[in-house]
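Inside the fold
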Amino acid sequence: MSYKQRAVSGIVWALWQQLSSKVVSFGISIFLARILEPSQFGLIAMLYLFISVGNSLLDGGLTASLIRTTDADQRDYSTVFYFNIIGSSILYLILFVTAPLIAAFYHQPLLTAVVRVYTLILIINAFFGVQSTLLVKDLKFKKQTNIQIPSAIGGGILGIVLAKLGYGVWSLVWMGLCTSFLSTAIHWITSSWRPALIFDKACFKKHIHFGYKMTLSGLIDTVYQNIYLIIIGKFFSAAQLGYYSRADSISQLPISNISAAINKVTYPMFAEISDDPVQLKNVYKRLMQQVVFWNAPALIMLCIIAKPLFHILLTDKWLPAVPIFQLLCIGGIMYPLHSYNLNVLKVMGQSALFLRLEVIKKVLSVVGILCFIPFGIYGLLYFQLFFNVIAYYINSIYSGRLINYPVTEQVKDILPTVALAGGIGLCCYFLDKLLINDFFIPTMQIGILLIIFATVYYGASLLIKLSAIKDFNQLILKR
């Protein structure tokens, strides 16, 4: 099997892994959103930063170093395992002690107890970090799917039952803990790897030398990705944060899943061919086109059907989240390509450049965010949309130089797809406003718009012979 075929096959399985588990989680969250209030989701959203920081420490630099090391052995894996356990325990203790300060920052006294219980997830997750890394390294995404789905279902059932019984925000807390515990248990049951009583200083130094820069980059990115939650939670109400977090989580269903699948497949795949820039560029180009081909229309279509979708799934109490959701979808069209560009830097050993670019982008973004706070949530969202384009431009300049794929050529390769999806989306939007919206119930409205958009988009792609549709037909449909 060629690298291109392996890459596309890997992405299909990775997408299935991401989508299947996230669809299950999404379905559970829909049930919970219909029971709980937006403010209760807002309280949990206030803690996303701390959970994300912990996960970044566990899944960041040392994990990336393990994947990049082709001859990693038991010493490597055991050393990283014990580091994860120790690091997560220290982080939990810090959060336990500082919980009252976190509650005071958000003016939410209940957060003290919630932080001390909910952040136990960090320690639980640390116990399966290496097993998960081995699955990613071997591209065993089907096995990961078989672990994630039962875990999500088990935790979701507990969360829904507790929500029905009136536990409020605690139903979300115990759901998260149960999901993490089940995931850990299944990883250990299904994996043959076990840690040895080894902590090799030489191995640790080797991985930390590469990994600390990646970890710092990951931490910077994590803080940045959650900065909107921090600011909205601090300066606005818990309900408004709940609207934002719910809109963000739904928009992330296509955005983060495609991005995560790309990241999981392309990093080990790019690492294998990092010494062949010509082949790396070819694989990079084709996968980038494939991602945009599916991501752009999915997000544009979600913008069009946002209002009836929220009405059906979440009830009218969540309708204030609709315009937030639409802006997040538009801003997310280019987001998966960030992982692409950054993976090129990582596999080429440019961790110092990686860190420098992350610092520059985040500093510029934070300055912009601080300037736009007076304009409210929508001012922040419009700035986020604008900066996504700037961030992609910065990333693609440096990654493009390494594989002789300049940003102008990259834009030229993806612009036809984005323009096509945008044009069809605009036509569907006016069609909905002029005809469909006034004559059909929400369910039929969504169905008609989806059929029209998908049919015209696929037909037009064949007509103008987009490269992505040709690759899809050849590698997936075998035509």
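Residues numbered from 1 in each chain as written. Predicted model: local features only at pLDDT ≥ 70, side-chain atom pairs only at ≥ 80, totals over all residues. Heavy atoms only, no water.

The chain is annotated in an unreviewed UniProt entry as Membrane protein involved in the export of O-antigen and teichoic acid from Mucilaginibacter gossypiicola. The Subcellular location (unreviewed entry) field of the UniProt record for the chain holds the comment "Cell membrane". The UniProt entry for the chain carries this comment under Sequence similarities (unreviewed entry): "Belongs to the polysaccharide synthase family." (UniProt positions renumbered as here; feature names shortened; annotations may be inferred.)

Tallying secondary structure elements over the chain gives 22 helices and zero strands in all. Residue pairs in contact within the chain that sit at least 24 positions apart in sequence constitute 83% of those at least 6 positions apart. In the form shown here, the chain has an accessible surface area of approximately 20,800 Å², with 69% of it arising from carbon and sulfur atoms. (Helix = DSSP H or I, 4+ residues; strand = E, 2+ residues; numbered from the N terminus. Contact = heavy atoms within 4.5 Å. Areas by Shrake-Rupley, 256 points an atom, 1.4 Å probe, with all protein chains shown as cover.)

Another point: a nonpolar patch on the surface. A grouping of L426, Y429, F430, L434, L435, F439, F440, I441 and M444 is seen on the molecular surface, where their side chains present a nonpolar patch of about 960 Å² in accessible area. With six residues, the top contributor of residues to the nonpolar patch is helix α20 (residues 407-439). Tracing the backbone shows F440 in the loop between α20 and α21 (442-464). For F440, a relative accessible area of 33% translates into the label partly exposed. (Patch = residues over 30% accessible without salt bridge, like charges linked within 9 Å, V, L, I, M, F, W, Y side chains within 5 Å. Salt bridge = Lys/Arg side-chain N within 4 Å of Asp/Glu carboxyl O. Buried < 20%, exposed > 50% of the residue type's maximum accessible area, 1.4 Å probe, protein only.)

Time to look at the UniProt feature "transmembrane region" (unreviewed entry) in the chain. This chain's UniProt record puts "transmembrane region" (unreviewed entry) on residues 45-67, 79-107, 113-135, 147-163, 291-310, 322-342, 363-394 and 439-460. With 91% helix and 0% strand, the stretch residues 363-394 has end C-alpha atoms that lie 13 Å from each other.

So, on to helix α6 (residues 111-118). Within α6, burial applies to L111, T112, V114, V115 and Y118. One face of α6 carries all of its buried residues, which in axial projection span an arc of 165°. (Arc of directions from axis to C-beta.)

This part is about the packing of aromatic side chains. In total, this model carries 16 aromatic pairs according to the counting rule given. With 6.2 Å between their ring centres and 75° between their planes, F81 and F127 make a pair best called edge-to-face. You can see F81 sitting in helix α5 (residues 74-106) and its partner F127 sitting in the loop between α7 (121-126) and α8 (129-137), a full 46 residues away along the chain. On the basis of an interplanar angle of 35° and a centroid distance of 5.2 Å, the ring pair of F293 and Y457 is categorised as tilted. Within this pair, whereas F293 is found in helix α14 (residues 277-304), its partner Y457 is found in helix α21, the two being separated by 164 residues in sequence. A residue is classified by how much of its surface remains accessible, and Y457, at 6% relative accessible area, is buried. Cluster of aromatic residues (ring-pair linked, three or more members): F81, Y82, F127, W188 and W193. Between the NZ or CZ atom of R116 and the centre of the ring of F96, over which it lies, the distance is 4.4 Å. Positioned above the aromatic ring of Y398, the side-chain terminus of R401 is 5.1 Å from the ring centre. (Phe/Tyr/Trp six-rings, centres within 6.5 Å; stacked < 30°, edge-to-face > 60°. Lys NZ or Arg CZ within 6 Å of the ring centre and 35° of its normal.)

Despite not being glycine, H107 has its phi angle at roughly 60°, a positive value. Classification of H107 as exposed rests on a relative accessible area of 58%. One non-glycine residue, K465, adopts positive backbone phi at about 60°. Here K465 lies in the loop between α21 and α22 (467-475).

On to the environment of K433. Structurally, K433 can be placed in helix α20. In this structure, the C-alpha to C-alpha distance between K433 and I304, residues 129 residues apart in sequence, is 9.9 Å.

In total, this model carries one salt bridge according to the counting rule given. E37 serves as the salt-bridge partner of K317, at 4.0 Å between the closest nitrogen and oxygen. Of this pair, K317 sits in the loop between α15 (306-314) and α16 (322-331) while E37 sits in the loop between α1 (3-35) and α2 (38-45); the two residues are 280 residues apart in sequence, bridging distant segments of the chain. Judged by relative accessible area, which is 42%, E37 ranks as partly exposed.

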